[in-house]
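Architecture and fold: a report
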Amino acid sequence: MKTITEIRKDFPILNMKVNGKSLVYLDNAASSQKPVQALDAFCRFCESRYANVHRGVHTLGEHATTDYEAARTKVAEFVNAPSSKGIIFTRGTTESINLVAYAFGRRFVKHGQAILLTPMEHHANLVPWQLMAKSVGAELRFWPMKPDGTLDMEAGKKLLDSSVALVAITHVSNVLGTINPVREIALMAHQVGAKVLVDGAQAVPHMPVDLTEIDADFYAFSGHKMLGPTGIGVLWGRLDVLEDMEPFLTGGEMIKEVYLDHATWNDLPYKFEAGTPPISEAITLSAAISYLNDVGMEWVYSHTRALTSKAYELLSQEPGVTVYGPAVDRGPVVAFNVAGIHPHDLAALLDQEGVAIRAGHHCAQPLMRWLEVQATARASFYLYNTMEEIDVMMDAIRMAKKVLRVA
Ligand code: C6P
């Protein structure tokens with residue numbers, strides 16, 4: 001088991017100085033940093049095994065195909081997917097959800113049916129459904145939330161009837177940190193015949209996720225938030241549901257036979273991987289997953305939980321600070337506001353102290369309206385963050401209050 005000091009050594013960027021101060025990187029929900037093990041895997045693959053996949057019969061083509069398919073198996077095992085054939089590589093969570101909205105939604109959601117969402121969804125799990133609902137004449141419904149930012153399960157149950165075709169819900173909110181009971185929701189949705197999509201962008205990087213246990217129909221996540229590169233994401237889908245869907249993007253790779261006037265589709269998962277896939281990205285993601293496996297997802301979860309609890313507690317006690325989301329059982333993000341300081345000004349002042357946080361609407365504008373704010377600041381944690389870094393952030397917040405003469 002690595003110590004936190006050893007873990008930090010694996011992330012060279014953490015040694016950087018920003019504005020003359022040691023970097024304190026607390027913007028992990030936006031994108032995580034990468035360990036040397038993942039960067040080395042990328043270089044090794046590009047230097048000695050690189051070629052396109054599933055095409056050439058030459059040696060490098062075979063090596064690349066073997067590595068790419070091994071990455072798929074690695075991803076499937078990491079989230080305990082029932083079958084690696086249901087693992088589709090995409091460019092990210094956003095593309096994964098768009099794939100489902102087009103290829104499933106436009107075909108199977110009918111006029112007059114409903115899509116059940118929550119007000120805490122990231123725009124990536126809202127805007128695709130708005131367009132899809134408009135195109136087929138479906139209704140959007142929203143699962144009510146309690147004042148603490150958790151779902152009101154009783155109120156939601158009343159909206160979940162046989163007219164609901166799909167429930168699309170985030171596993172962990174990127175603003176509130178709320179962890180939604182997705183297994184329970186999938187069970188309830190299936191009882192009324194609805195399909196379920198879970199946005200796992202903020203869950204898979206931070207906690208052990210078991211897709212077999214959750215038993216949704218679709219589950220989406222991104223590589224860059226879990227120590228992997230940008231440009232790769234995952235959509236897992238149930239095989240029978242994916243089989244019934246038409247392709248999303250079309251072109252090379254996703255076909256079986258092409259005639260001048262029509263074409264037939266490749267087997268799963270290739271039916272949904274048109275064109276050259278993100279090959280080196282998949283191999284780098286696989287190395288990132290090996291890193292997470294070595295550290296252990298249980299450890300990652302408990303470490304970031306401890307950091308989050310400390311940040312939540314200190315921020316809640318700080319005069320003038322409002323913290324959003326549930327006090328306990330939350331994911332590793334803490335959104336907050338300091339009275340009298342715009343979050344963008346706060347983020348800029350913290351940056352002067354080397355502390356990187358995010359400020360803005362976090363691609364969740366409806367949630368900002370629900371919270372009755374324009375924007376928030378947000379600190380988000382990962383396996384390489386330390387308790388001391390939270391103290392540095394708190395000192396920087398106090399400094400910002402002093403500079404702006406806020407009590
Ligand atoms: N949230 C954040 O700072 P992409 O961009 O496709 O990798 O992920 C989109 C996405 C979808 N769902 C949730 C819950 C997310 O948090 C995100 C990305 C980043 O909170 C960027 S806005």
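In this text, all values refer to a predicted model and were calculated from it rather than measured experimentally. (Residues numbered from 1 in each chain as written. Predicted model: local features only at pLDDT ≥ 70, side-chain atom pairs only at ≥ 80, totals over all residues. Heavy atoms only, no water.)

Here we come to the packing of helix 4 (residues 93–108) against helix 5 (residues 127–136). Their axes nearest at 9 Å, the elements helix 4 and helix 5 cross at an angle of 15 degrees. In this view, helix 4 runs roughly parallel relative to helix 5, as classed from their interaxial angle. Crossing of helix 4 against helix 5: the hand is right-handed. Contacts between helix 4 and helix 5 involve I97, N98, V100, A101, G105 and R106 on the former and, on the latter, P128, W129, L131, M132, S135 and V136. Each residue belonging to the contact of helix 4 with helix 5 can be placed in one class, and the counts come to 8 nonpolar, 3 polar and 1 charged. (Axes fitted to C-alpha atoms, helices over the stretch in contact; angles between N-to-C directions. Helix = DSSP H or I, 4+ residues; strand = E, 2+ residues; numbered from the N terminus. Parallel < 35°, antiparallel > 145°, perpendicular 65-115°, else oblique. Left-handed = near helix turned anticlockwise from the far one by under 90°. Contact = heavy atoms within 4.5 Å. Nonpolar A, V, L, I, M, F, W, Y, C, P; charged D, E, K, R; others polar.)

Quick look at the site of the ligand now. As a matter of local geometry, the ligand sits amid 18 residues, with T94, D199, Q202, S222 and R358 nearest to it. The backbone of T93 places a nitrogen or oxygen atom 3.4 Å from an oxygen atom of the ligand. Within the side chain of T94, an N or O atom sits 2.6 Å from an oxygen atom of the ligand. Protein chains shield 87% of the accessible area of the ligand, which is 510 Å² for the free molecule. Here the residues of the shell around the ligand sort into 5 nonpolar, 9 polar and 4 charged. Both domains that meet at the shell around the ligand, namely domain 1 (4–30 + 297–403) and domain 2 (39–293), each give it at least three residues. (Near = heavy atom within 4 Å. Polar contact = N/O pair within 3.5 Å; in protein donor to acceptor, adjacent residues only side chain to side chain. Areas by Shrake-Rupley, 256 points an atom, 1.4 Å probe, with all protein chains shown as cover. Domains from an automatic or database assignment.)

With that settled, the discussion passes to the domain arrangement of the protein. Domain boundaries assigned for the protein yield domain 1 (4–30 + 297–403) and domain 2 (39–293). Here the C-alpha centroids of domain 1 and domain 2 sit 28 Å apart. Across the contact, 34 residues belong to domain 1 and 33 residues belong to domain 2. In total, domain 1 and domain 2 occlude about 2700 Å² of area from one another, counting both sides; carbon and sulfur atoms represent 65% of this. Contact with domain 2 buries area across many residues of domain 1, yet M297, W370 and Y382 alone supply 25% of it, more than any other trio. At the surface where domain 1 touches domain 2, the tally comes to 0 salt bridges. There are 13 residue pairs in polar contact (both at pLDDT 80 or more) connecting domain 1 and domain 2. Put simply, the parts of the chain that give the side of domain 1 that touches domain 2 at least two residues each are helix 11 (297–317), strand 14 (333–338) and helix 13 (365–371). The biggest single contributor to the side of domain 1 that touches domain 2 is helix 13, with 6 residues. (Buried area = accessible area lost by both parts, 1.4 Å probe. Salt bridge = Lys/Arg side-chain N within 4 Å of Asp/Glu carboxyl O.)

This part covers a nonpolar patch on the surface. A surface patch of nonpolar side chains, about 250 Å² in accessible area, is lined by Y102, V127 and L131. Within the secondary structure, L131 is located in helix 5. The partly exposed category is assigned to L131, whose relative accessible area is 47%. (Patch = residues over 30% accessible without salt bridge, like charges linked within 9 Å, V, L, I, M, F, W, Y side chains within 5 Å. Buried < 20%, exposed > 50% of the residue type's maximum accessible area, 1.4 Å probe, protein only.)

Further remarks concern helix 11. Helix length check: helix 11, at 21 residues, gives a terminal C-alpha distance of 30 Å against a target of 30 Å (1.5 Å per residue), a fit within 8%. Along helix 11, the residues that are buried comprise M297, V300, H303, T304, L307, T308, A311, Y312 and L315. An end-on view of helix 11 places all buried positions within 165 degrees of arc, on one side of the element. Pointing more than 90 degrees away from the buried face of helix 11 are the exposed residues E298 and Q317. If you follow the buried residues of helix 11, they end up packed against helix 1 (4–9), helix 3 (59–78), helix 10 (279–295), strand 13 (321–323), strand 14 and helix 14 (387–403). (Expected span 1.5 Å × (residues − 1). Arc of directions from axis to C-beta.)

A word on unusual backbone geometry. Residue P269 is reached from L268 by a cis peptide bond, and omega for that bond is 0 degrees. For P269, the position within the fold is in the loop between strand 12 (263–265) and helix 10. For E372, which is not glycine, the phi dihedral falls at a positive 60 degrees. Turning to its location among the elements, E372 is positioned in the loop between helix 13 and strand 17 (376–380).

This brings us to the sheet that holds strand 8 (residues 195–199). Strand order across the open sheet formed by 7 strands is 4-10-9-8-7-5-6, with mixed pairing between neighbours. Each edge of the open sheet is held by one strand with a lone partner, namely strand 4 (87–90) and strand 6 (139–142). Pairs of neighbouring strands in the sheet enclose a mean axial angle of 20 degrees, with direction left out of account. Here 3 bridges tie strand 8 to strand 9 (residues 218–222), and the two strands are oriented parallel to one another. Residue pairing in the sheet places V198 in a bridge with Y219 of strand 9. Each of strand 4, strand 7 (164–170), strand 8, strand 9 and strand 10 (233–237) is contacted by helix 4, which is oriented at about 150 degrees to strand 9, the strand it contacts most. (Pairing = 2+ DSSP bridges.)

Note that strand 5 (residues 114–117) and strand 6 share 4 bridges and pair parallel. Bridge pairing links L117 to F142 in strand 6. Once the chain exits strand 5 it traverses helix 5 before rejoining the sheet at strand 6, and the crossover so formed is right-handed. (Right-handed = clockwise from strand over helix to strand, strands pointing away.)

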